[in-house]
Amino acid sequence: MARKKKPPPPPHSRKFSFPIYASVFYDSVFFLVAGGGGKKSSGIRNLVTVSSFHDGCVSEPITAAATDDDAPQRLALHPDGVFVVCVFGGSIGVFRMERNLSSNSTNGLNHHNPLSRNDSTEDLRNRPEVNMIRSNEFPRRVALTADDRDVKCAVFSPSGRQLAIGLETGEVKIVQWPSLEVDMELGAHESGAAVTDIAWSPDERVIVSCAAERIGSSNNSSNSNGQQQQQQQNQQQQQGEQQQKTTKGAIMWSIERGERITALPDPTSARFNCKGFPSSSRKPNCLKVFRGASFSNTGEFFFCGINVDGVGYLVKFETTNWTPMAAIRAFRDAPISAYAANKNGSRHACGSAEGDVVAFDGGGLRKQSSNSRKRSLKRIAAARNAHMIFVTTISWNARGDVVLSGSADASVYCLHVKNKFKSGLYGSLMKLFLWMTVLIACLLGWVFLLMKVFDESTVPLLNNNNNNNNERR
C-alpha cells in the first residue's frame, strides 16, 4: 500500500531551516526571526531573516543576515523602527532596517531565496520592500559583559534612550543608547537564576524583572528536616509575614535611584483572595515561578505570567499598591514558556511548553473599570499544537491583531486575532451606539406595525360610511 502523504502545512505556518529563538514584528506585515545551530559543526546556519505575513500567508525569507558561529538569542526593535539589536551570548550586534519604496515586489513577496547566498549580509535592497543590513554606525559586535556572561533578555525603554538587559547570573543592567555603554548596574536576583523577562513602566522610572527562580523568601529554606517540619507547622500562622518578606521571583527596580525597590507579592497568597488559582497553590511545597512581564500603556496595571506546579496562569496587578486583581488559567496542563504583550498592553499572548499558543484580552486599562467586570481577563484566540515542541518566542504586530510564535522545531505560526471592541472609552461609545441603533430600529418597527394595523382597521370603517351615505341618497 502506498504511504499517505502528509498534509501540507497551513499558509499561516512555515518551516524555516534553523531553530527559532527570537522574533519581533517590524510593522503590521513584516517580521524578523532569528536562530541557528551554533557552531559550524552543527551544519545549521545562524541567521536573522525578514519575512512577511500578508493575506493569511507567511512568506519565505525575503532577506537574511548570517551571524557566523554565534546563534542569535534575542531581538529588540528600537522604538523609532530603524535599528534592531540582536543578542549573541554576552555581546550584541545592531542591524538597520530600510524600506525600498521603489520595490516592484508585492508586500515583500518574491521568489528569490536569500538563504542560498554565501554573503555574511544579503544585499537585496533592489528587490524586497523591507531590507536589513548591518549598521555601519556601530561596531560589528559590542561586548556588554567582561567575562562573556550570556545576556538572556534585552528590552528598550519607551523613549528608546536606554536598553535594559538581564544576564544568566540574575544581574540587571541599564545600557545607554546609542553609546551602548553600561550606565547602571541595578543588582541581581538573590538566587542567581537567569533573568527571563524585563518590563519598563511608561514613565521609565521603574522596571520589573522576572527570573527563573522559585517565588518566596530567603528565610523559607531550611538546613535540616526538623526545621522544615517546624516551618510547615507554623506555615499558616506566619503566612502573612512571609508573603510580606518575599524577596525572590519578580523584582521592581528604581531607575532614578539605581536600586532595588521590592519584590512582587505572591499573587496566590490567601490574603489577596485572587480568584483563578487552584487551592493547591497555597501549599508550602508548591512550585511557583514568574514568566513574562508587561505594563499597560497607562501604567496603572501590570501583567505577568506565573507557572504554578507546571501550569501557566496570566495575572493582572493594580500598580498603586501592587494587588493582584484577576487571574486566568492559560493552559490546561502545561507551563508558560514564552510571553508577549501588544504595544498598548491591552492584549497578551502566551506560548506553552507543549507548543500551544493562546491570546487574551487584558480588560479595562483604567482605574475607573477596576471595580467592574471589565477588569477580568478573557481568552480571545487559541491554537493547539501550533508547534511540535515548546514555544521559544512570541511577538505582536503593530496593529495588535496577529500573534507570531516561533519554536525550536524551526516553525513559525501566525495566529490572527479578530479586532473586536477596544477597551476604554472608544469601546463604550461603540457599544452605546449599537444599542441606540437597535432601540431606534425597534421603535421604527413598532411604528410601522401600528400604522399597518391602523390602516387595515380604518379601511372597513370608511367603506361602511360610504355605503351608508350612498343608501341615504
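The rules behind these values
Residues numbered from 1 in each chain as written. Predicted model: local features only at pLDDT ≥ 70, side-chain atom pairs only at ≥ 80, totals over all residues. Heavy atoms only, no water. Helix = DSSP H or I, 4+ residues; strand = E, 2+ residues; numbered from the N terminus. Buried < 20%, exposed > 50% of the residue type's maximum accessible area, 1.4 Å probe, protein only. Contact = heavy atoms within 4.5 Å. Areas by Shrake-Rupley, 256 points an atom, 1.4 Å probe, with all protein chains shown as cover. Pairing = 2+ DSSP bridges. Phe/Tyr/Trp six-rings, centres within 6.5 Å; stacked < 30°, edge-to-face > 60°. Lys NZ or Arg CZ within 6 Å of the ring centre and 35° of its normal. pLDDT = per-residue confidence, 0-100. Core = buried A, V, L, I, M, F, W, Y, C linked by side-chain atoms within 4.5 Å. Axes fitted to C-alpha atoms, helices over the stretch in contact; angles between N-to-C directions. Salt bridge = Lys/Arg side-chain N within 4 Å of Asp/Glu carboxyl O. Patch = residues over 30% accessible without salt bridge, like charges linked within 9 Å, V, L, I, M, F, W, Y side chains within 5 Å.

Description of the overall build of the protein chain
Within the protein chain, the regular secondary structure consists of three helices and 30 strands. Put simply, the protein chain has 473 residues, and 49% of those count as buried. Long-range contacts, defined as pairs at least 24 residues apart, comprise 55% of the intrachain contacts of the protein chain with a sequence gap of at least 6. Carbon and sulfur atoms make up 50% of the accessible area of the protein chain, which totals about 24,500 Å².

Here's the deal with the pairing of strand β12 (residues 151–156)
Pairing analysis gives five bridges linking β12 to strand β13 (residues 162–167), with the strands arranged antiparallel. Looking across to β13, one finds that Val155 is bridged to Ala164. Hairpin connection, β12 to β13: the antiparallel pair is bridged by five residues, and Gly160 has positive phi, about 85°.

Looking at the packing of aromatic side chains
On inspection of all chains with the given rule, the structure shows twelve aromatic pairs. A ring pair is formed by Phe156 and Trp177, whose centres lie 5.2 Å apart and whose planes are at 85°; its orientation type is edge-to-face. One end of the pair, Phe156, is in strand β12; the other, Trp177, is in the loop between β14 (171–176) and β15 (182–188), and 21 residues separate them in sequence. Comparing Phe156 with Trp177 shows no difference in burial state: the two are buried. With 5.1 Å between their ring centres and 65° between their planes, Phe295 and Phe302 make a pair best called edge-to-face. Taking the ring centre of Phe301 as reference, the NZ or CZ of Lys316 above it sits at 4.6 Å.

Structural notes on the confidence of the model for the protein chain
With 77% of its residues at a pLDDT of at least 70, the protein chain reaches an overall mean of 83. Counting interchain partners and residues more than four positions distant, the pLDDT-below-50 stretch residues 106–112 has 15 contacts. Segment residues 235–244 is flagged for pLDDT under 50; beyond a separation of four residues in sequence, or across chains, it makes ten contacts in the model.

Re the nonpolar core
Grouped together as the largest cluster of nonpolar side chains are 23 residues, with contacts concentrated most on Val208, Leu264, Phe277, Phe290, Phe302, Ile306 and Trp322. Elements with a minimum of two residues in this core: β17 (206–211), β18 (250–254), β20 (288–295), β21 (301–308) and β22 (311–318). Sequence-distant contacts of Val208, defined by excluding residues within four places in its chain, comprise Asp197, Ile198, Ala199, Ala250, Ile251, Met252, Leu264, Ala293, Phe295, Phe302 and Trp322.

Observations regarding the environment of Lys40
Tracing the chain through its elements places Lys40 in the loop between β3 (30–35) and β4 (47–54). Overall, the relative accessible area of 67% leaves Lys40 in the exposed class. A C-alpha to C-alpha distance of 8.0 Å links Lys40 and Asp68, two positions 28 residues apart in sequence.

Some details on the sheet that holds strand β16 (residues 195–200)
Here we have four strands laid out as an open sheet, ordered β16-β17-β18-β19, and antiparallel in their pairing. Looking along the sheet, the strands with just one partner apiece sit at the ends: β16 and β19 (259–263). Across the sheet, the mean angle from the axis of one strand to that of its neighbour is 25°, orientation sign disregarded. Here five bridges tie β16 to β17, and the two strands are oriented antiparallel to one another. Residue pairing for β17: Ile198 is matched across the bridge by Ser209.

Observations concerning the pattern of salt bridges
Going through the model one piece at a time under the given rule, you end up with 14 salt bridges. Between Arg140 and Asp68 there is a salt bridge, with its nearest N and O atoms 3.0 Å apart. In this pair, Arg140 is assigned in the loop between β10 (130–134) and β11 (142–143) and Asp68 in the loop between β6 (63–66) and β7 (74–77), connecting sequence segments 72 residues apart. For Arg140, a relative accessible area of 43% translates into the label partly exposed. Residue classification places Asp68 among the partly exposed residues on the basis of a relative accessible area of 41%. Here Glu137 makes a salt bridge to Arg96, at a shortest N to O gap of 2.2 Å. You can see Glu137 sitting in the loop between β10 and β11 and its partner Arg96 sitting in strand β9 (residues 91–99), a full 41 residues away along the chain. By relative accessible area, Arg96 is classed as partly exposed at 23%.

Some points on a nonpolar patch on the surface
Judged by side-chain polarity, Leu429, Leu432, Met436, Leu439 and Leu443 come together as a nonpolar surface patch covering roughly 490 Å² of accessible area. Mapped onto the elements, Leu443 comes out in helix α3 (residues 425–472).

Re the pairing of β4
Counting buried positions along β4 yields seven of eight residues, so the element is predominantly enclosed. Both β3 and β4 contribute to a ladder of six bridges, which runs antiparallel. Bridged to Phe31 within β4 is Ser51. Relative to β6, β4 is paired through four bridges, and the arrangement is antiparallel. Opposite Val48, over in β6, you have Ala65 as the bridge partner. Across two bridges, the pairing between β4 and strand β5 (residues 57–58) is antiparallel.

What about the sheet that holds strand β23 (residues 323–329)?
Sheet strands pair via backbone hydrogen bonds, and the direction of the pair is either parallel or antiparallel. Strand order in this open sheet of four strands is β20-β21-β22-β23, and the pairing throughout is antiparallel. Only two strands of the sheet have a single neighbouring strand rather than two, namely β20 and β23. Sheet twist, expressed as the mean angle between neighbouring strand axes with direction ignored, is 25°. By the bridge criterion, six bridges tie β22 to β23 in an arrangement that is antiparallel. Residue pairing across strands places Glu318 opposite Thr323, the latter belonging to β23.

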